[in-house]
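Fold and contact review
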Amino acid sequence: MLVFNQLETYLYLALILFAIGLYGVLARRNLIAVLISVELILNAAMINFMAFNRFVAPHPAVGQVIALFIMAVAAAEAAIGLSIIIAVYRKLKAINVEQATELRG
Amino acid sequence: MKALFFPFTPQGVATIAFLLVVAFTVVGALIAVAARNIFHNVLGLALSLIGVAGLFLYLNSPFVALMEILIYVGAICIAICFAIMLSQPLYLPGAPRNPLKIQGAVLGAGAVFVFLALLTKKTKWVPAAERSTDWSITTIGHYLLTNYVLIFELVSLLLLVAMLGAIVNARGGRGSS
């Protein structure tokens, strides 16, 4: 059995990518770095969809449609997120999450 | 032919290429979260996404692999580069790292990783009884415009709203600095 013809290989790989992205979201304080980590998490989810599509699903078009949907949502999320980051920089002159505390009571 | 050394058989070459793609993905992801310079983070993300596109080729989906490179590497990474240029200048020193926060993040991500790895190991994945073998791009197109037309329309609307929202939010650029 070849390593790239097994469902588990892709699942573990997506899991590694997800954990790395989660670490980035938790540890980084630069807003753009957090956004980059979120993209990694979305990619892990997409690998999972595609792997199940390849090895388990009854029809192979469905997973690919979902992957395209995730890509479009990620693009929209990146556009909105980056514009918010620029707005935050304009307001606070910083993009560090620890300085964006205006809503703290 | 049986005596052929494994790396020189077609399967061996495919396996080596697969391992290379996996290395791209994981190393790129590590650079994307670990490097201090935000620009290196974006380059690592691009490397990782190219690796993911290679994985999609191995998963029989060249169309999605192409879209991955086009949308993620071509559009999102470039958009992030623009945001980096429009926000904090790179020559300013970043805040020093907080070791406690890093330890907490490693612990949290590690706990989730272990939990999900055990879950993956424990579960038995059963393929569907009847599996279609129709992998053509034509079928994806038909599905997108018949069964999944709602997704198609929803995505168009979402992208329109996101575009308008981004323009309204980012209007004025970096401001007077």
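Residues numbered from 1 in each chain as written. Chains lettered and ligands numbered in written order. Predicted model: local features only at pLDDT ≥ 70, side-chain atom pairs only at ≥ 80, totals over all residues.

Take helix α1 (residues 10-34) of chain B next. Given 3.6 residues per helical turn, the α-helix brings residues three or four places apart onto the same face. The terminal C-alpha atoms of α1(B) lie 36 Å apart, and with 25 residues this matches the ideal 36 Å at 1.5 Å per residue to within 8%. Within α1(B) the residues assigned to the buried category are B:V21, B:V22, B:T25, B:G28, B:A29, B:A32 and B:V33. Summarising the contacts, the buried residues of α1(B) are in contact with α1 (7-27) and α2 (31-55) of chain A together with α2 (38-58) of chain B. (Helix = DSSP H or I, 4+ residues; strand = E, 2+ residues; numbered from the N terminus. Expected span 1.5 Å × (residues − 1). Buried ≥ 20, exposed ≤ 12 C-beta atoms within 10 Å, placed from the backbone. Contact = placed C-beta atoms within 7 Å.)

This part covers the interface of chain A and chain B. The partner chain B presents 77 residues to the 66 residues of chain A that form the contact. Of all the secondary-structure elements, those providing two or more residues to the side of chain A that touches chain B are α1, α2 and α3 (60-92) of chain A. For the side of chain A that touches chain B, the element with the most residues is α3(A), which contributes 24 residues. In terms of residue class, the side of chain A that touches chain B is made up of 51 nonpolar, eight polar and seven charged. (Nonpolar A, V, L, I, M, F, W, Y, C, P; charged D, E, K, R; others polar.)

Our next topic: the environment of A:F4. The residue A:F4 is located in the segment before α1 in this model. If we skip the residues at most four places from it in the chain, A:F4 touches A:T9, B:A14, B:T15, B:F18 and B:Y58.

Here we take up unusual backbone geometry. Even without glycine at this site, A:K93 takes up a positive phi of about 60 degrees. Its place among the elements puts A:K93 in the segment after α3. Although it is not a glycine, B:N60 sits at a positive phi angle of roughly 70 degrees. Relative to the elements of secondary structure, B:N60 occurs in the loop between α2 and α3 (62-86).

Here the focus is the confidence of the model for chain A. Here chain A averages 91 in pLDDT, and 99% of its residues register 70 or above. Confidence, expressed as mean pLDDT per element, reaches its minimum in chain A at α3(A) with 91 and its maximum at α1(A) with 95. (pLDDT = per-residue confidence, 0-100.)

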